[in-house]
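Observations on the model geometry
For reference, the chains in residue letters:
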Amino acid sequence: MTDLTAADATLAPAKPTTKPARPYFSSGPCAKPPGWSPEKLAVESLGRSHRSKLGKTRLQYCIDLMRELLRLPDTHRIGIVPGSDTGAFEMAMWTMLGARPVTTLAWESFGEGWVTDAVKQLKLEPTVLRADYGQLPDLGAVDWSNDVLFTWNGTTSGVRVPNGDWIADDREGLSFADATSAVFAYDLPWDKIDVATFSWQKVLGGEGAHGVLILGPRAVERLETYTPAWPLPKVFRLVSKGKLAEGVFKGETINTPSMLAVEDAIFALEWGKGLGGAEGLIARSDANAAALDKIVAQRDWLGHLAEDPAIRSRTSVCLTVEGADADFIKKFAGLLEKEGAAFDVAGYRDAPAGLRIWCGATVDTADIEALGPWLDWAYATAKAG
């Protein structure tokens with residue numbers, strides 16, 4: 001423990017004696033699953049064609065594990081695609097938008113990125129509903145005769161939609177959910193989601209480069225009945241001769257995947273299955289977020305960027321630091337990294353100056369708990385310096 005009190009933060013405190021065993025709190029790529037090591041990965045598929053029987057089998061196994069853990073209905077298809085979550089979401093935008101008016105929701109940097117794509121790249125004229133970092137737009141103002149683009153969990157703002165109740169059951173448009181920091185961390189209502197995207201590098205702690213695209217039946221119908229006005233790059237093409245390219249959702253990827261990344265994802269999925277599937281992964285995230293909430297509640301100088309608990313992320317938790325600017329946060333985070341107490345905890349570059357602590361399932365709650373005294377030490381040291 002440290003001898004610092006919040007009221008006397010200008011004194012240089014003693015360093016805490018206990019460090020997090022795994023000080024990996026980055027919001028992406030995130031901490032590897034507990035017990036992970038490269039020696040534990042299956043490597044038989046490495047050096048083989050991804051179109052070989054073995055390659056296809058491993059890709060399909062990865063898809064089957066995702067379906068099992070997510071309790072995804074058979075009506076929804078799962079495809080492994082290039083370009084991480086960004087590639088998956090842009091693939092959905094490029095192939096399906098333009099058939100109806102579009103509404104985009106933006107309350108952090110990635111949502112703003114989809115606005116930019118819709119306006120400047122696809123030359124659409126979307127209705128844009130915005131909110132400042134730490135808040136949500138008025139979800140009740142969404143017109144569901146439109147296609148609607150939103151982030152389920154704003155990784156850079158620490159704000160999430162509270163549930164799927166605001167998504168109309170009788171919607172005419174499609175719901176497009178960038179769910180990269182939400183999948184495997186929340187119980188998602190798949191009947192409300194027509195398109196969902198995520199990457200393994202978030203809650204599963206997998207490697208980057210590949211995204212996952214989940215399509216509901218209404219999205220498939222759109223793909224088979226609508227042809228966009230703009231040209232589609234080869235890596236975005238999901239339709240062949242007017243029909244969905246079903247092979248993409250059976251392990252026949254559009255371009256060559258990294259089988260090493262696939263095997264790494266399989267390791268994480270098998271670990272998650274051993275926890276009881278989605279319920280076990282969600283429980284770990286919830287426990288981590290609760291431990292961090294306790295740390296924040298005990299410190300007057302620390303707060304949540306998302307003040308409303310109902311919309312506060314339980315994975316990418318964004319914190320405010322009293323009196324901090326970008327330079328102070330850089331120093332704060334640098335002190336922690338130098339001591340090996342916490343890596344990559346500075347907030348996102350476009351967000352208000354603060355900290356961002358990943359609380360997803362691959363983080364151990366004991367490491368969150370051990371972080372508290374180190375935050376005290378780094379805060380006081382940075383102020384005293």
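Keep in mind that this is a model prediction, so the values were computed, not measured.

1. Overview of the pattern of salt bridges
Applying the stated criterion to the full structure yields 20 salt bridges. In this structure, E172 engages R100 in a salt bridge whose closest nitrogen and oxygen atoms are separated by 2.9 Å. One end of the pair, E172, is in the loop between strand 6 (159-160) and strand 7 (175-178); the other, R100, is in the loop between helix 2 (84-96) and strand 2 (102-106), and 72 residues separate them in sequence. Residues E112 and R130 are paired through a salt bridge, measuring 2.6 Å at the closest nitrogen-oxygen approach. A residue pair is termed long-range when its members are at least 10 positions apart, and E112 in helix 3 (residues 109-121) and R130 in strand 3 (residues 127-130) qualify at 18 residues. Salt bridges here are not isolated pairs; linked through shared partners, they connect R22, R284 and D364.

2. Section: helix 7 (residues 326-338)
Spanning 13 residues, helix 7 covers 18 Å between terminal C-alpha atoms, matching the ideal 18 Å at 1.5 Å per step. Looking only at helix 7, the buried set comprises F328, I329, F332, A333, L335 and L336. Each buried residue of helix 7 sits inside an arc of 150° when the element is viewed along its axis, so together they form one side. Opposite the buried face of helix 7, by more than 90 degrees, sit the exposed residues A326, D327, K330 and K338. Against strand 13 (316-321), strand 14 (355-358) and helix 8 (365-384) lie the buried residues of helix 7.

3. Some points on the state of the cysteines
A full pass over the atoms with the stated rule returns zero disulfides. Not part of a disulfide, C318 finds its nearest cysteine sulfur in C359, a span of 10 Å.

4. Side note on the nonpolar core
Residues M66, F150, W152, F184 and W200 are the most contacted members of the largest nonpolar core, which totals 90 residues. Split by domain, the residues of this core number at least three in each of domain 1 (38-273) and domain 2 (277-384). Setting aside its immediate chain neighbours within four residues, W200 contacts C62, M66, I80, G205, G206, E207, H210, V212, A261, V262 and A265. In terms of nonpolar packing, the next biggest core, distinct from the first, is built from 31 residues, A92, M96, A219 and L244 among them.

5. Describing a nonpolar patch on the surface
Where nonpolar side chains cluster on the molecular surface, the patch consists of V43, L46 and L260 and spans about 230 Å² of accessible area. Tracing the sequence through the fold places L260 in helix 5 (residues 259-274).

6. Focus: the domain arrangement of the chain
Often, the extent of an interface is quoted as the loss of accessible area on bringing the components together. Structurally, the chain comprises domain 1 (38-273) and domain 2 (277-384). One C-alpha centre belongs to domain 1, the other to domain 2, and the line joining them spans 27 Å. Residue-level contacts link 29 residues of domain 1 with 27 residues of domain 2. Taking both sides of the interface into account, the surface hidden between domain 1 and domain 2 amounts to around 2200 Å²; carbon and sulfur atoms contribute 60%. It is Y133, R160 and W271 that lose the most area in domain 1 upon contact with domain 2, and together they represent 22% of the buried surface on that side. Linking domain 1 with domain 2 are one salt bridge, by the criterion used here. Close ionic contact of E279 with R71 constitutes a salt bridge, the shortest N to O distance being 3.0 Å. Counting across the interface, domain 1 meets domain 2 through 13 residue pairs in polar contact (both at pLDDT 80 or more). In terms of residues, the side of domain 1 that touches domain 2 owes the most to one element, helix 5, which gives three residues.

Rules used in this analysis
- Residues numbered from 1 in each chain as written.
- Predicted model: local features only at pLDDT ≥ 70, side-chain atom pairs only at ≥ 80, totals over all residues.
- Heavy atoms only, no water.
- Salt bridge = Lys/Arg side-chain N within 4 Å of Asp/Glu carboxyl O.
- Helix = DSSP H or I, 4+ residues; strand = E, 2+ residues; numbered from the N terminus.
- Expected span 1.5 Å × (residues − 1).
- Buried < 20%, exposed > 50% of the residue type's maximum accessible area, 1.4 Å probe, protein only.
- Arc of directions from axis to C-beta.
- Contact = heavy atoms within 4.5 Å.
- Disulfide = S-S within 2.5 Å.
- Core = buried A, V, L, I, M, F, W, Y, C linked by side-chain atoms within 4.5 Å.
- Domains from an automatic or database assignment.
- Patch = residues over 30% accessible without salt bridge, like charges linked within 9 Å, V, L, I, M, F, W, Y side chains within 5 Å.
- Areas by Shrake-Rupley, 256 points an atom, 1.4 Å probe, with all protein chains shown as cover.
- Buried area = accessible area lost by both parts, 1.4 Å probe.
- Polar contact = N/O pair within 3.5 Å; in protein donor to acceptor, adjacent residues only side chain to side chain.

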